[in-house]
Amino acid sequence: MVATCNVLNLAQPGRHFYDGQDPYSQTEFERKVDWLGNRFKALNADVIAVQEVWDELALRAAVARSGLQYSSVVVPGAENGPGQIGAQGTPRVGIVTRLKLESVESIVNFPAAAVVQVPGIGAHTRFERPPLVATLRLKHGQPLCVITAHLKSKRPKYLEDASGKTIEDTDDPAVQALGSMRSLIMRAAEALALRLKVVELLHRTRLPLVLMGDLNDSPHSVTTQLIAATSQVAYDKGARDNALFSAWDVQGEAALRRDVAYSHIHQGYPEVLDQVLVSEEFVATSRSAIGDVRRVEVFNDHLFEGRDRSRSDHGFVRALLRLRLPEPAAPSLFVSPSQTA
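This section reports on the structure supplied with the text. (Residues numbered from 1 in each chain as written. Predicted model: local features only at pLDDT ≥ 70, side-chain atom pairs only at ≥ 80, totals over all residues. Heavy atoms only, no water.)

## Regarding the overall build of the chain
Then step 1. What the chain contains, in helices and strands, is six helices and 18 strands.
Then step 2. For the chain, buried positions account for 49% of its 341 residues.
Then step 3. Of the contacts formed within the chain by residues at least 6 apart in sequence, a portion of 71% connects residues at least 24 apart. (Helix = DSSP H or I, 4+ residues; strand = E, 2+ residues; numbered from the N terminus. Buried < 20%, exposed > 50% of the residue type's maximum accessible area, 1.4 Å probe, protein only. Contact = heavy atoms within 4.5 Å.)

The following block contains the structure:
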């Protein structure tokens with residue numbers, strides 16, 4: 001069972017995270033980690049990809065409130081301890097798992113092929129929120145790669161001075177359009193950089209991979225398809241090797257698919273921003289399948305409970321993946337002389 005959760009600015013009480021937003025009081029913090037703990041308990045996932053974490057300690061507190069046992073809670077860049085003060089500038093992504101965690105890697109910089117020039121800003125060379133690549137090991141020894149991602153939002157990117165103050169007229173429709181274009185270019189570059197990592201991991205390998213997170217766009221958008229390249233499969237069956245497939249599209253229990261499968265509401269419109277993408281190893285119709293996607297569910301009822309930062313403004317998506325276990329070794333038919341004596 002895997003799940004993706006945008007936890008909406010999870011930070012320690014009294015800790016400043018964004019200008020213009022008050023730190024959480026102790027009461028607010030307790031309410032937030034209680035709410036998250038209850039959500040984690042309901043999900044009961046073996047792997048949780050989390051986004052918008054400012055303090056790893058805060059995530060550990062929420063996981064503890066769930067009452068579930070997880071061996072690893074990791075948020076690179078948001079650690080707390082001697083000389084470590086959590087994430088700075090922007091929240092980070094992480095992973096919570098009860099599977100064996102063999103390695104984690106944060107991807108900060110783009111490969112050269114993904115670097116783009118953003119009008120008014122210059123070269124865009126790195127992720128705003130570095131995705132996390134984790135290698136897990138299942139009980140029977142099967143490796144599993146899980147990528148947690150949180151791409152650039154659609155909010156307009158305005159020019160700022162050295163102190164971070166906006167220097168453009170944000171009420172000007174032309175400036176708004178230019179700001180939206182900057183965000184799109186930045187998100188597309190992040191998608192391309194992530195795509196190149198996916199290809200590196202999947203090309204001519206049999207490594208099962210799950211990519212989860214808030215991709216800030218729909219499953220069939222240009223930026224999501226930059227990462228997944230699912231559409232290429234229609235023209236080239238060989239493209240399955242390094243394509244990713246929306247878990248919604250390849251799940252086995254078709255009767256459970258619902259029209260209300262949205263994970264975010266923006267200005268009254270439902271959207272699917274939080275996604276679970278899988279490699280062909282989890283596509284039942286693939287010759288390379290070693291499992292399948294049994295079902296996908298969205299936990300989004302809280303989106304109608306009003307705006308309260310103790311809750312998330314995103315629904316949580318959970319997918320049940322099935323993996324075929326290795327065939328047990330056939331018993332030997334050889335009988336030694338000592339056994340017949």
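Moving on, there is more to tell.
## Thoughts on the nonpolar core
Then step 1. V210, V276 and V278 are the most contacted members of the largest nonpolar core, which totals 33 residues.
Then step 2. Filtering out sequence-adjacent residues up to four positions away, V210 remains in contact with V2, L144, C145, V146, I147, V276, L277, V278, F282 and L321. (Core = buried A, V, L, I, M, F, W, Y, C linked by side-chain atoms within 4.5 Å.)

## Some points on the sheet that holds strand β6 (residues 92-97)
Then step 1. With mixed pairing, six strands are arranged side by side in an open sheet as β3-β6-β2-β1-β18-β17. At either margin of the open sheet sits one strand with a lone partner, and together these are β3 (72-74) and β17 (291-299). On average, each strand axis in the sheet is inclined to that of its neighbour by 20°, with strand direction left out of account.
Then step 2. Inspection of the sheet shows β17 paired to strand β18 (residues 316-323) by eight bridges, in the antiparallel sense. Note on β18: the bridge partner recorded for G291 is L323.
Then step 3. Helix-sheet contacts for helix α1 (residues 26-43) involve β1 (2-10), β2 (47-53), β17 and β18, and the interaxial angle to β1 is about 175°.
Then step 4. Along the sheet, helix α2 (residues 56-66) makes contact with β1, β2, β3 and β6, crossing β3 at roughly 145°. (Pairing = 2+ DSSP bridges. Axes fitted to C-alpha atoms, helices over the stretch in contact; angles between N-to-C directions.)

## Observations concerning the sheet that holds strand β10 (residues 132-137)
Then step 1. Pairing is mixed across the open sheet formed by six strands, whose spatial order is β7-β10-β11-β12-β16-β13. Since the sheet does not close on itself, it has two edges, and those belong to β7 (100-106) and β13 (245-246), each with one partner.
Then step 2. Here six bridges tie β7 to β10, and the two strands are oriented antiparallel to one another. Bridge pairing in β10 places L101 opposite L136.
Then step 3. Lying over the sheet, helix α3 (residues 173-202) contacts β7, β10, β11 (143-150) and β12 (209-214), oriented at roughly 180° with respect to β11.

## Points about the packing of aromatic side chains
Then step 1. Under the definition given, this model contains six aromatic pairs.
Then step 2. Residues Y18 and W54 carry aromatic rings whose centres are separated by 5.0 Å and whose planes lie at 90° to one another, so their mutual orientation is edge-to-face. With Y18 in the loop between β1 and α1 and W54 in the loop between β2 and α2, the pair connects residues that are 36 residues apart, well separated along the chain.
Then step 3. A relative accessible area of 0% means that W54 is categorised as buried.
Then step 4. Among the aromatic residues, ring-to-ring pairing joins F17, Y18, Y24 and W54 into one connected group. (Phe/Tyr/Trp six-rings, centres within 6.5 Å; stacked < 30°, edge-to-face > 60°.)

## Looking at unusual backbone geometry
Then step 1. A positive phi is found at N44, a non-glycine position, where the angle reads about 45°.
Then step 2. Structurally, N44 can be placed in the loop between α1 and β2.
Then step 3. Not every positive phi belongs to a glycine, and R204 is a case in point at roughly 60°.
Then step 4. With respect to the secondary-structure elements, R204 resides in the loop between α3 and β12.

## Brief notes about α2
Owing to its 3.6 residues per turn, the α-helix brings residues three or four apart onto one side.
Then step 1. Taken together, the buried positions of α2 are E56, A58, L59, A62, V63 and S66. Down the axis of α2, the sector holding all buried residues measures 160°, keeping them to one side.
Then step 2. Residues of α2 that are buried in the fold lie against β1, α1, β2, β3, β4 (80-81) and β6.
Then step 3. Directly after α2, the chain includes G67, whose backbone phi takes a positive value near 80°. (Arc of directions from axis to C-beta.)

That's the geometry; what it means functionally is another story.
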